[in-house]
2 protein chains.
Amino acid sequence: MTPRPAADLLIVGASELVTCAGAAPAAGAAQGDAGVVERGAVAAREGRIVWVGPESQLERSVAPLGSARRIDVGGRAVLPALVDCHTHLVWAGDRTGEFARRLAGASYAEIAAEGGGILSTVEAVRAAPRERLARDARARMERMARWGTTGFEIKSGYGLSTAAELELLRAARDAAAGTPWLTSRTFLGAHTLPREARGSAAARARYVDLVIEEMIPAVVDERLARFCDVFIDEHAFTVDEARRVLDAGLAAGLTPKVHAAQLAPDAGVRLAAELGAVSVDHLEFATDDDLDALAEAGAVGVLLPGATLFLRMERFADGRRMIARGVPVAVATDVNPGSCPSESLPLMMQLACLRCGLSVDEAIVAATKNAAVAAGLADDLGSIEPGKRCHLLVLDAASRTELLYALGSLRTHRVITGASSAVPRGAPISDRDVFM
Amino acid sequence: MTPRPAADLLIVGASELVTCAGAAPAAGAAQGDAGVVERGAVAAREGRIVWVGPESQLERSVAPLGSARRIDVGGRAVLPALVDCHTHLVWAGDRTGEFARRLAGASYAEIAAEGGGILSTVEAVRAAPRERLARDARARMERMARWGTTGFEIKSGYGLSTAAELELLRAARDAAAGTPWLTSRTFLGAHTLPREARGSAAARARYVDLVIEEMIPAVVDERLARFCDVFIDEHAFTVDEARRVLDAGLAAGLTPKVHAAQLAPDAGVRLAAELGAVSVDHLEFATDDDLDALAEAGAVGVLLPGATLFLRMERFADGRRMIARGVPVAVATDVNPGSCPSESLPLMMQLACLRCGLSVDEAIVAATKNAAVAAGLADDLGSIEPGKRCHLLVLDAASRTELLYALGSLRTHRVITGASSAVPRGAPISDRDVFM
């Protein structure tokens, strides 16, 4: 008989436990099911899950320590805490006025002429002290955690100089320090061309060289990022430029990610597949050939339907087709000041259902298991299974479906990060049930 | 010199005060502006506003009582609390399973055959005790108030028998009792045909007669509703049936409202204009002639973009065109278990901007001043001006634009209902700052 694992935290009383456990997405695999355990229970020790199963088997399966804490969730549904695998959540400046102007009919060119657009964010980020960037990012994470998110991928890309990109990534690192949230960082120096690189082809080429020769080595030297991303688009970087940047990142140890096919089809999706990108994000205009390449490569396709809605575009990414062709699908907020300032990952999941063709369980897997893979956080988050962190979203409802059904409504009862005994007493945030 | 009004509540520290004050919508009037007072302050007494103006003039304009309470909102934007002018928020039963089936591709006929659809709600409402209906509705209002809503129009239409319609309306009345929220009630016996009326033309005619001859007199006798509404649609009631019902309601003192042109153009919009309806709701397929008739009649056009999104329809109502043709536009959640279970009026306002063509200030007016008119609550709510209730939404932002910009995010700092001195101490809800 296997010895029963010791536990310092027991979660009981769940109507259903949505584990999302099982194999990570792989070439040609289906989206996977949500792995629901009716009346399931969880046991954890020092913040990590040690046992998952039907509550009826809890007593004979786990040995609670004398100090163990027992949380009865009162007949509610329990899911893995959500993972937001595509965010730009470190920024400064205010683009609400630009939004109002856009609604009133101003063109992108007019807004840029008025000092708006992404370059206004770059200017504000360059001028902001790191402490303020970190504080504002942390405030955003706090609000996002109310919706159930405890894992965040965070991109740079509003600095666009070596010094400013490094400062932004340091702010991203600092923002999560002392919190129970897990983050990964992505270097996105090739987000857009800075103003000083827009004058000529030579200036443009110098900027790409700077990204490759100065920024990537500095980022890697300071261990500030795990991924290297490029925005491939007519208004951003070409596929050839992306290849150079991603190759340089790979050589330095940064795994590729790509923004591709957002506004028109492009060869970026196949480039990402060829280079072994962990994810390709946007994909509104991906072709069947693109999707087949992604499926074969096992890359995660990331839906960002909030950007489609916020930019008032008609064409949402076709998540249904992605899944049908074997692409593991994730969904994320894309939170950023220009194209989607949304802090609600559940709203994105709802849009993935209502506009991208996902089912309820597919959307849940998309914001947990598959998102954790895309964010590089799958060792810790994304499912409820032994070895993972005990980060749980308790819904204020008996059925997981409520999270998708209750459009725009807040259905968080509680977020458990299971850190009670892992974090020393007296630490600034020791046991953070971020909501209720 | 006019004597300074006495006040028991002072609201100071606003970055901007969005009054929405001014004339109510009228024939051919523009949507109106938001009436912003920079650094504006508010004074109230016994729950009603007595003065509004620049904070710099507060001291010389108002005489605070010794017991006056002073709330400093710390540089935040202050708006009128929101009014939700189209809700079906009294219901029983659970249609999350039906939602999941629909996403998975089930047709409406399959769902109905499985026992889903609106008739499943009717069955559950008929079986539910009034106390449970009221308690669940109140819980919904509590959650909706987090988003800033303090005024609700509530429709019947899930009883579909005289007894059940009356019980639903009594539950709506009871749900708000003892709370600071204001409600109005609408009799919607002609929401859909009950199962027992679906067998034949004769049964259908008998149901319409029942609505006219039995339900309307009983509702009026018990003063349970102020409005009479009909769902005009191929799958609901014809324009001729609607005319009979609305005429009977008018004769009994109920002001008309209409659900029209949701799924196809129909003559319902013009009927509503002809009969002096206070609002016509949905309007996805309204023609220019329809809108001109509404503008001339001064009826409010109510956008329900959440239903368009939730039903996965392509065509949103064209709010821009409505305003251009002189129709005062409101926006509402339509909260109901089948076609839009959303509790977030701000999300609806955002969709009105992103999908229906409204500007920031137009969307604010749509969810405050114009919504109060459509809900019959304009004597009390919808603007910040002397005589109205002191119901205020304090945003967690310095600019009102943030409410529209922060897609799906919760931006409520605090909701003030100003009831502190109007409600006796010890009352169950005496001073309800519903959030934070």
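Residues numbered from 1 in each chain as written. Chains lettered and ligands numbered in written order. Predicted model: local features only at pLDDT ≥ 70, side-chain atom pairs only at ≥ 80, totals over all residues. Heavy atoms only, no water.

**Here we look at the environment of Thr333(A)**
Residues and elements named next belong to chain A.
Thinking step 1. Within the secondary structure, Thr333 is located in the loop between strand 13 (329-331) and helix 13 (345-354).
Thinking step 2. With relative accessibility at 0%, the residue Thr333 sits in the buried group.
Thinking step 3. If we skip the residues at most four places from it in the chain, Thr333 touches Asp84, His86, Thr87, Met144, Cys340, Ser342, Glu343, Ser344, Leu345 and Met348.
Thinking step 4. Within the local environment of Thr333, its side chain forms a polar contact with the side chain of Asp84, the two groups lying 2.7 Å apart.
Thinking step 5. Among the polar contacts listed, one links the side chain of Thr333 to the backbone nitrogen of Val335, at a separation of 3.0 Å. (Helix = DSSP H or I, 4+ residues; strand = E, 2+ residues; numbered from the N terminus. Buried < 20%, exposed > 50% of the residue type's maximum accessible area, 1.4 Å probe, protein only. Contact = heavy atoms within 4.5 Å. Polar contact = N/O pair within 3.5 Å; in protein donor to acceptor, adjacent residues only side chain to side chain.)

**Describing the sheet that holds strand 10 (residues 255-260) of chain B**
All names here are of chain B.
Thinking step 1. Across the sheet, which stays open at both edges, the eight strands sit in the order 6-7-8-9-10-11-12-13 with parallel pairing between neighbours. Each edge of the open sheet is held by one strand with a lone partner, namely strand 6 (82-84) and strand 13 (329-331). Strand-to-strand twist in this sheet, taken as the mean axis angle between neighbours without regard to direction, amounts to 25°.
Thinking step 2. Examined bridge by bridge, strand 8 (residues 182-190) and strand 9 (residues 227-231) share three bridges and lie parallel to one another. Its bridge partner being in strand 9, Phe187 is matched across the sheet by Cys228.
Thinking step 3. Its contacts with the sheet place helix 5 (residues 130-146) against strand 6, strand 7 (149-155) and strand 8, and it is angled at close to 140° to strand 7.
Thinking step 4. In the packing of helix 7 (residues 201-221) onto the sheet, contacts are made with strand 8 and strand 9, and the angle to strand 8 comes to roughly 150°. (Pairing = 2+ DSSP bridges. Axes fitted to C-alpha atoms, helices over the stretch in contact; angles between N-to-C directions.)

**A look at the domain arrangement of chain A**
Residues and elements named next belong to chain A.
Thinking step 1. By the assigned domains, chain A splits into domain 1 (6-80 + 382-424) and domain 2 (82-375).
Thinking step 2. A separation of 29 Å is found between the C-alpha centroids of domain 1 and domain 2.
Thinking step 3. Contacts between the two partners involve 33 residues from domain 1 and, on the opposite side, 36 residues from domain 2.
Thinking step 4. Overall, the association of domain 1 and domain 2 removes approximately 2700 Å² of surface from exposure, summing both partners, and the carbon and sulfur fraction of that is 66%.
Thinking step 5. For the pair domain 1 and domain 2, the number of links is one salt bridge.
Thinking step 6. Residue Asp361 pairs with Arg400 through a salt bridge whose shortest N-O separation is 2.7 Å.
Thinking step 7. Our count for the domain 1 to domain 2 interface comes out at seven residue pairs in polar contact (both at pLDDT 80 or more).
Thinking step 8. Of all the secondary-structure elements, those providing two or more residues to the side of domain 1 that touches domain 2 are strand 5 (63-80), helix 16 (401-405) and strand 15 (412-416). (Domains from an automatic or database assignment. Buried area = accessible area lost by both parts, 1.4 Å probe. Salt bridge = Lys/Arg side-chain N within 4 Å of Asp/Glu carboxyl O.)

**Some remarks on the pattern of salt bridges**
Thinking step 1. Per the stated rule, a full pass over the model turns up 58 salt bridges over all chains.
Thinking step 2. The closest approach of N and O atoms between Arg325(A) and Asp292(A), which form a salt bridge, is 2.7 Å. Here Arg325(A), found in the loop between helix 12 (319-324) and strand 13, pairs with Asp292(A), found in helix 10 (residues 288-297); they are 33 residues apart in sequence, far enough to count as distant.
Thinking step 3. By relative accessible area, Arg325(A) is classed as partly exposed at 33%.
Thinking step 4. Arg321(B) is paired through a salt bridge with Asp318(B); the nearest N and O atoms lie 3.3 Å apart.
Thinking step 5. Arg321(B) gets classed as partly exposed once you look at its relative accessible area, which sits at 23%.
Thinking step 6. Within the structure, one salt-bridge network assembled from shared partners comprises Arg130(A), Glu167(A), Arg170(A), Arg173(A), Asp174(A) and Glu222(A).

**What about the interface of chain A and chain B?**
Thinking step 1. Facing 41 residues of chain A, the contacting portion of chain B comprises 42 residues.
Thinking step 2. Interface of chain A and chain B: buried area, both sides summed, is about 3500 Å²; carbon and sulfur atoms make up 64% of it.
Thinking step 3. Between Glu343(A) and Arg411(B) there is a salt bridge, and its shortest N-O distance comes to 2.9 Å.
Thinking step 4. The set of elements that each furnish at least two residues to the side of chain A that touches chain B consists of helix 2 (96-103), helix 5 (130-146), helix 11 (305-310), helix 13 and helix 16 of chain A.
Thinking step 5. Classifying every residue of the side of chain A that touches chain B gives 23 nonpolar, 10 polar and eight charged. (Nonpolar A, V, L, I, M, F, W, Y, C, P; charged D, E, K, R; others polar.)

**With respect to the state of the cysteines**
Residue and element names in this part refer to chain A.
Thinking step 1. A full pass over the atoms with the stated rule returns zero disulfides over all chains.
Thinking step 2. No disulfide involves Cys340; its nearest neighbouring cysteine sulfur is the one of Cys356, lying 12 Å away.
Thinking step 3. By relative accessible area, Cys340 is classed as buried at 0%. (Disulfide = S-S within 2.5 Å.)

**Regarding unusual backbone geometry**
Residue and element names in this part refer to chain B.
Thinking step 1. The phi angle at Ala261 is positive, at roughly 55°, despite the residue not being glycine.
Thinking step 2. Within the secondary structure, Ala261 is located in the loop between strand 10 and helix 9 (268-275).
Thinking step 3. Note on Ala261: relative accessible area 0%, which makes it buried.
Thinking step 4. Here the phi dihedral of Leu283 falls at roughly 65°; this positive angle occurs in a residue that is not glycine.
Thinking step 5. The residue Leu283 is located in the loop between strand 11 (279-282) and helix 10 (288-297) in this model.

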